[in-house]
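Take a look at the letters that make up each chain.
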Amino acid sequence: MIGKLQGTIDYIGDGFVIIMAGPVGYKVFTPEYLTPKSTVSLWIETVVREDSIRLFGFTTMAAQNLFNMLTGVSGVGPKVAMAILGTIKTDTLMSAIATGDAKTIATAPGVGKKVAEKIIVELKNKVGGGAFDFGADMAGGALPDLLAALEALGYRRMDVVDMAQKLVADNPGADVAKLVPMALKNISGNK
């Protein structure tokens, strides 16, 4: 088994890269944004099927662990897990699972509401527990209400979720009435 692979990106394809490690080129499927001719070090997960052996690479062990957790959910294979990890940042995904935010998870291609809810049900205790650390402020409270308020104002959830999480984390105990103006100021400041 390959646990970690270090080499130079020789080719970038659709959802995969060819990494040259010495004279051997490894085809590694990855959700990461990598640049050609750069040197990378990826944590590798090997998936063996009866008709193929595939390598999946991640820049962090947390992303690899999350990939393994996602593929452990019935109905979520490596392709769907990679689509999720390629669309949603690792910390945003963990927060969405911990807070029960199915809408954010469903923004990934090929992931509908039912699959998103299934991921939450099966992983909420794992993500909210010892494997990943979430404070009480992130695990509930104002975040879902803030996201709902921003959506009602016409903002796309995937565009504002990272900023909303940061606002909630930076302002513990603040209610939605205080957070919405801060979010709008933050959004207008980023334009």
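These numbers were taken from a predicted model, which means no experiment stands behind them. (Residues numbered from 1 in each chain as written. Predicted model: local features only at pLDDT ≥ 70, side-chain atom pairs only at ≥ 80, totals over all residues. Heavy atoms only, no water.)

Trainee: Could you clarify how one ought to interpret the confidence of the model for the protein in this entry?
Mentor: Parts of the prediction with low pLDDT should not have their coordinates interpreted in detail. This prediction gives the protein a mean pLDDT of 84; 91% of its residues lie at or above 70. Within the protein, no element has a lower average pLDDT than helix 6 (residues 142-152), which sits at 77, and none a higher one than strand 3 (residues 24-29), at 95. Every residue in residues 129-139 is under pLDDT 50, and counting partners more than four places away or in other chains gives 21 contacts. (pLDDT = per-residue confidence, 0-100. Helix = DSSP H or I, 4+ residues; strand = E, 2+ residues; numbered from the N terminus. Contact = heavy atoms within 4.5 Å.)

Trainee: Help me understand the packing of helix 1 (residues 61-71) against helix 3 (residues 90-99), please; the structure alone is not making it clear to me.
Mentor: Packed helices, taken two at a time, are described by the angle between their axes plus the distance between the axes. Packing of helix 1 against helix 3 leaves a shortest axis separation of 10 Å and a crossing angle of 40°. The orientation of helix 1 with respect to helix 3, classified from their angle, is oblique. Judged by the sense of rotation from one axis to the other, the crossing of helix 1 with helix 3 is left-handed. Residues A62, A63, L66 and L70 of helix 1 form the contact with helix 3, whose participating residues are T90, L93 and M94. A class-by-class count of the residues in the contact of helix 1 with helix 3 yields six nonpolar, one polar and no charged. (Axes fitted to C-alpha atoms, helices over the stretch in contact; angles between N-to-C directions. Parallel < 35°, antiparallel > 145°, perpendicular 65-115°, else oblique. Left-handed = near helix turned anticlockwise from the far one by under 90°. Nonpolar A, V, L, I, M, F, W, Y, C, P; charged D, E, K, R; others polar.)

Trainee: How do you make sense of the packing of aromatic side chains when you look at a structure like this?
Mentor: Note on aromatic pairs: each is described by the distance of the centres and the angle between the planes. Per the stated rule, a full pass over the model turns up five aromatic pairs. Here the aromatic rings of F58 and F67 are separated by 5.1 Å at their centres, their planes lie at 45°, and the arrangement is tilted. Here F58 falls in the buried class, since its relative accessible area comes to 0%. Since its relative accessible area comes to 0%, F67 is described here as buried. Among the aromatic residues, those joined into a cluster by ring pairs are Y11, F16, F29, F56, F58 and F67. (Phe/Tyr/Trp six-rings, centres within 6.5 Å; stacked < 30°, edge-to-face > 60°. Buried < 20%, exposed > 50% of the residue type's maximum accessible area, 1.4 Å probe, protein only.)

Trainee: Hey, could you run me through unusual backbone geometry in this one?
Mentor: Trans is the prevailing form of peptide bonds, just as negative phi is the prevailing case for residues other than glycine. Positive phi outside glycine occurs at K37, with the angle close to 65°. Position of K37 among the secondary structure elements: in the loop between strand 3 and strand 4 (39-48). Using a relative accessible area of 58% as the deciding quantity, one classes K37 as exposed.

Trainee: Would you take a moment to explain the pattern of salt bridges for this structure?
Mentor: In a structure, side chains of opposite charge can pair up when their charged atoms sit close to one another. Under the definition given, this model contains four salt bridges. The partner of K166 in a salt bridge is D170, and the shortest N-O contact between them spans 2.7 Å. Taken as a pair, K166 and D170 lie in helix 7 (residues 157-170) at a separation of four residues, close to a single helical turn. Under the relative-accessibility criterion, K166 is labelled exposed at 53%. The class of D170 is partly exposed, set by a relative accessible area of 47%. (Salt bridge = Lys/Arg side-chain N within 4 Å of Asp/Glu carboxyl O.)

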